[in-house]
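# Coordinate analysis (summary)
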Protein chains: 2
Amino acid sequence: MTAPADSHSPTALHPFDESVHLSPAGEHRWLGHTHAAYANMVGPFGGTTAAVLLQAALQHPQRLGDPVAHTVNYAAPVADGAFEVKAVPMRTNRSTQHWNLLMTQNGDVVASGSAVFALRRPTWAEAEVTPPELPSPDAIERFSSEGRPPWVRSYDMRFRPGQSPMTFDGVEQGDSVTEGWVRDEPPRPLDFASLTAICDSFFPRVMIRRRRYGPIGTITMSNCFHADAAALAEQGSAHVLGVARVLRYHAGFFDQRAEVWSARGQLLASSQQLVYFKD
Amino acid sequence: MTAPADSHSPTALHPFDESVHLSPAGEHRWLGHTHAAYANMVGPFGGTTAAVLLQAALQHPQRLGDPVAHTVNYAAPVADGAFEVKAVPMRTNRSTQHWNLLMTQNGDVVASGSAVFALRRPTWAEAEVTPPELPSPDAIERFSSEGRPPWVRSYDMRFRPGQSPMTFDGVEQGDSVTEGWVRDEPPRPLDFASLTAICDSFFPRVMIRRRRYGPIGTITMSNCFHADAAALAEQGSAHVLGVARVLRYHAGFFDQRAEVWSARGQLLASSQQLVYFKD
């Protein structure tokens with residue numbers, strides 16, 4: 001495939017669709033390319049790397065059902081450019097399917113992971129947590145992407161008034177919690193790939209907590225999906241509500257937990273990631 | 001190897017060490033065997049399956065540092081008996097190492113997973129959560145393992161007074177939270193393998209919430225480790241404090257989150273799992 005263009009005609013794919021576009025390259029194999037709209041400070045935004053790995057299973061001819069869990073391990077910096085993805089169904093049961101996922105560049109492993117897909121069916125249902133109450137997205141100013149890496153401009157983020165994540169004045173906060181609306185920019189109907197990327201769209205908590213810039217890198221992210229086809233259809237391209245926090249920062253790593261809620265307050269995904277930080 | 005014995009001389013290995021014992025079987029390969037002391041209602045306790053997968057990386061000659069993250073996907077019921085484990089270092093960097101993990105029986109995949117190991121070093125450190133306050137373990141009666149599967153008898157569990165998990169009177173509770181002390185029985189110094197198993201020792205939340213028995217199965221579990229060698233040494237064989245809850249039950253699956261705290265209140269592990277339930 002050729003590299004995606006940086007500008008789009010009205011009939012062009014959404015940049016996110018371009019970023020997760022995979023061309024068949026043999027059994028269980030696909031080729032893709034990083035996208036300028038989802039560039040991070042170095043290499044691509046990790047959310048698109050995660051989404052690409054899931055996308056390979058989503059578009060695999062042997063796919064069963066929908067994803068219910070997904071883990072991605074970031075093994076090395078992904079370089080801007082082409083990559084190969086391998087998605088192998090390791091075991092397919094009557095109602096669940098287990099995937100092994102791998103991303104390589106020039107033969108070197110840069111990311112690996114796994115996913116579980118399942119055929120869901122109605123059961124007793126309940127929630128034990130509720131989303132925070134926030135003003136509606138149109139009542140909150142959009143987070144400025146000025147001076148941020150390109151991927152931030154590919155999201156419309158609106159944080160709880162009073163929260164100012166990524167303000168680097170060095171005045172340490174009491175916690176790293178943020179609550180905010182987020183959607184693709186330009187708007188795009190939510191699907192499993194974009195929900196995966198949104199699970200990684202929460203800024204690194206250590207920078208929010210300490211209000212200072214520092215080197216970080218997500219090591220691993222695991223997402224559980226409650227979203228199903230009906231929930232995604234109902235959500236459409238509206239903002240989802242994201243909440244993120246840390247449990248502990250210790251000896252070079254912190255664990256970041258997040259929840260993503262639908263516009264009408266249904267939990268779509270719960271996420272846990274471990275992040276490296278330097279000092 | 002031969003199957004572990006069911007009884008032990010004073011000089012015998014702890015049953016947990018027997019349960020995670022792996023004999024070399026070629027490059028990246030080991031052979032193990034399920035253990036009667038960690039049997040579940042059908043097949044082995046999933047905590048030992050997870051621990052065995054991590055153990056393969058822990059004892060691999062190419063191991064770098066200590067585990068910081070681990071994911072296990074339960075692809076199929078593990079049968080009582082022998083299994084093969086494969087642990088492949090997919091990428092080894094200067095301070096991190098990424099593992100692909102696989103368990104098979106008669107050539108069929110029964111569990112898969114991944115782990116990240118790392119060389120840790122001192123950094124700024126902080127916690128944003130605190131453990132619940134509980135009476136000390138010796139002030140709480142031990143949870144009765146009567147009528148429970150064998151693996152429950154291999155743990156000493158002491159829940160917050162008033163909590164009675166796995167009481168099946170059908171009177172639904174308002175939530176599924178439990179807080180309790182847990183340690184290996186007989187006592188055994190905590191290590192990464194046993195900490196992994198303890199992360200899966202929290203009873204299925206849907207049974208606690210609904211106070212009724214039902215078919216369940218953990219689909220995937222992801223653990224982040226804050227424990228390092230110093231924390232494990234300090235903990236020794238004392239009880240750890242575990243807290244578990246659910247965010248949402250929906251269409252056949254619920255997400256269960258847990259934290260494991262040291263005896264002196266340091267977070268040792270944060271855990272997230274997705275569990276299948278039937279009705």
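Residues numbered from 1 in each chain as written. Chains lettered and ligands numbered in written order. Predicted model: local features only at pLDDT ≥ 70, side-chain atom pairs only at ≥ 80, totals over all residues.

### Re the overall build of chain A
Using the following cut-off: Helix numbers and strand numbers start at the N terminus; a helix is a DSSP run of H or I with at least 4 residues, a strand a run of E with at least 2. Here exposure depends only on C-beta density: within 10 Å of a residue's C-beta, 20 or more other C-beta atoms make it buried, 12 or fewer make it exposed, and intermediate numbers make it partly exposed, the C-beta atoms being placed from the backbone. Note that contacts rest on C-beta atoms placed from the backbone: two residues are in contact if these are within 7 Å.
When its secondary structure is counted, chain A shows six helices and 13 strands. In terms of its C-alpha atoms, chain A occupies a principal-axis envelope of roughly 50 × 45 × 45 Å. Evaluated residue by residue, chain A yields a buried proportion of 49% over its 279 residues. At a minimum sequence separation of 6, the contacts of chain A that also span at least 24 residues come to 70%.

### Re the relation of the copies chain A and chain B
Applied cut-off: Residues below a pLDDT of 70 in either copy are left out; the C-alpha atoms of the rest, at least 70 in both, set the least-squares superposition of the copies.
In the superposition of chain A on chain B (RMSD 0.0 Å, axial shift 0.0 Å), the rotation amounts to 180°. Here the transformation between the copies is reduced to the relation of a two-fold axis. A high fraction, 100%, of the interface residues of chain A reappear at the interface in chain B, so the copies pair face to face through one surface.

### Side note on the environment of Gln-273 of chain A
In this structure, Gln-273 of chain A sits in strand E13 (residues 267-277). Gln-273 of chain A sits 259 residues away from His-14 of chain A along the chain, and the two C-alpha atoms are 27 Å apart.

### Points about the nonpolar core
Filter applied, for reference: Note on terminology: a nonpolar core is any set of buried Ala, Val, Leu, Ile, Met, Phe, Trp, Tyr and Cys residues joined through C-beta atoms within 7 Å.
Core analysis: the largest hydrophobic core is formed by 148 residues, its most contacted members being Leu-53 and Val-68 of chain A together with Leu-53 and Val-68 of chain B. With sequence-adjacent residues up to four places away left out, Leu-53 of chain A is seen in contact with Val-72, Val-85, Leu-101, Met-103, Ala-111 and Gly-113 of chain A.

### Looking at the packing of helix H2 (residues 46-58) of chain B against helix H4 (residues 192-199) of chain B
All names here are of chain B. Heads up, the rule is: Lines fitted to the C-alpha atoms define the axes, with helices restricted to the stretch that makes contact. Angles between their N-to-C directions range from 0 to 180 degrees. Throughout this description, any angle smaller than 35 degrees is read as roughly parallel, any larger than 145 degrees as roughly antiparallel, any in the 65 to 115 degree range as roughly perpendicular, and the remainder as oblique. Whether a crossing is left-handed or right-handed is set by the direction in which the near helix is turned from the far one by less than a right angle, anticlockwise for left-handed and clockwise for right-handed. All residues other than Ala, Val, Leu, Ile, Met, Phe, Trp, Tyr, Cys, Pro, Asp, Glu, Lys and Arg, Gly among them, are scored as polar; the first ten of these are nonpolar and the last four charged.
Close contact between H2 and H4 brings their axes to 8 Å; oriented N to C, the two are set at 155°. By the angle between their directions, the pair H2 and H4 is classed as roughly antiparallel. In terms of crossing hand, the pair formed by H2 and H4 is right-handed. Touching Gly-47, Thr-48, Ala-50, Ala-51, Leu-54, Gln-55 and Leu-58 of H2 are Phe-192, Ala-193, Ser-194, Thr-196, Ala-197 and Ile-198, all from H4. Classifying every residue of the contact of H2 with H4 gives eight nonpolar, five polar and no charged.

### Quick word on the environment of Leu-232 of chain B
Residue and element names in this part refer to chain B. Its location among the elements puts Leu-232 in helix H6 (residues 229-235). Overall, the presence of 19 C-beta atoms within 10 Å leaves Leu-232 in the partly exposed class. Distance in space between the C-alpha atoms of Leu-232 and Pro-61 is 22 Å, their sequence separation being 171 residues. What Leu-232 contacts, discounting residues up to four positions off in sequence, is Leu-190, Asp-191 and Ala-227.

### Some points on H2 of chain B
This is how the line gets drawn: The length a helix should cover is 1.5 Å for every residue beyond the first.
Over its 13 residues, H2 of chain B extends 18 Å from the first C-alpha to the last, a length consistent with the 18 Å expected when each residue adds 1.5 Å. Of all the 13 residues making up H2 of chain B, 13 are buried; the element is thus mostly covered by neighbouring parts of the structure.

### So, the pairing of strand E5 (residues 96-105) of chain B
When a strand is regular, its side chains alternate between the sheet's two faces. All names here are of chain B. This is how it is decided: At least two bridges found by DSSP between two strands is the condition for calling them paired.
The buried fraction of E5 is high, at eight of ten residues. The sheet contact formed by strand E4 (residues 82-92) and E5 spans eight bridges and is antiparallel. Counted as the bridge partner of Thr-92 is Gln-97 from E5. The turn linking E4 back onto E5 is made up of three residues. Note that E5 and strand E6 (residues 108-118) share ten bridges and pair antiparallel.

### Thoughts on the interface of chain A and chain B
Interfaces are often described in size by the accessible area the parts lose on coming together. Each partner contributes to the interface: chain A provides 51 residues, whereas chain B provides 51 residues. Among the elements that make up the side of chain A that touches chain B, the one with the highest residue count is strand E11 (residues 240-250) of chain A (six residues).

### Digging into unusual backbone geometry
Each neighbour pair has its own omega, and for Glu-185 of chain A with Pro-186 of chain A the value is 0°, a cis peptide bond. Even without being a glycine, Arg-211 of chain B presents a positive backbone phi close to 50°. Considering the arrangement of structural elements, one finds Arg-211 of chain B in the loop between helix H5 (205-210) and strand E10 (216-225). Of note in the backbone geometry, Ala-251 of chain B takes a positive phi value of approximately 50° without being a glycine. Mapped onto the secondary structure, Ala-251 of chain B falls in the loop between strand E11 (240-250) and strand E12 (253-261). A residue is classified by how many C-beta atoms lie within 10 Å of it, and Ala-251 of chain B, with 21 of them, is buried.

### Focus on the confidence of the model for chain A
Parts of the model with low pLDDT should not have their predicted coordinates read in detail. Residue and element names in this part refer to chain A. Where we set the bar: The score called pLDDT rates the predictor's confidence residue by residue, from a low of 0 to a high of 100.
On average, residues of chain A score 95 in pLDDT, and 96% of them are at 70 or above. A low-confidence stretch, residues 1-8 (pLDDT under 50), is modelled with eight contacts involving residues beyond four sequence positions or located in other chains. Both confidence scores are given for the complex: pTM 0.96, ipTM 0.95.

### Focus: the environment of Ser-145 of chain A
All names here are of chain A. Of note, Ser-145 is situated in the loop between strand E7 (126-127) and helix H3 (150-153). As a C-alpha pair, Ser-145 and Ser-237 span 92 residues in sequence and 20 Å in three-dimensional space. Excluding residues within four positions of it along the chain, Ser-145 makes contact with Val-152 and Arg-153.

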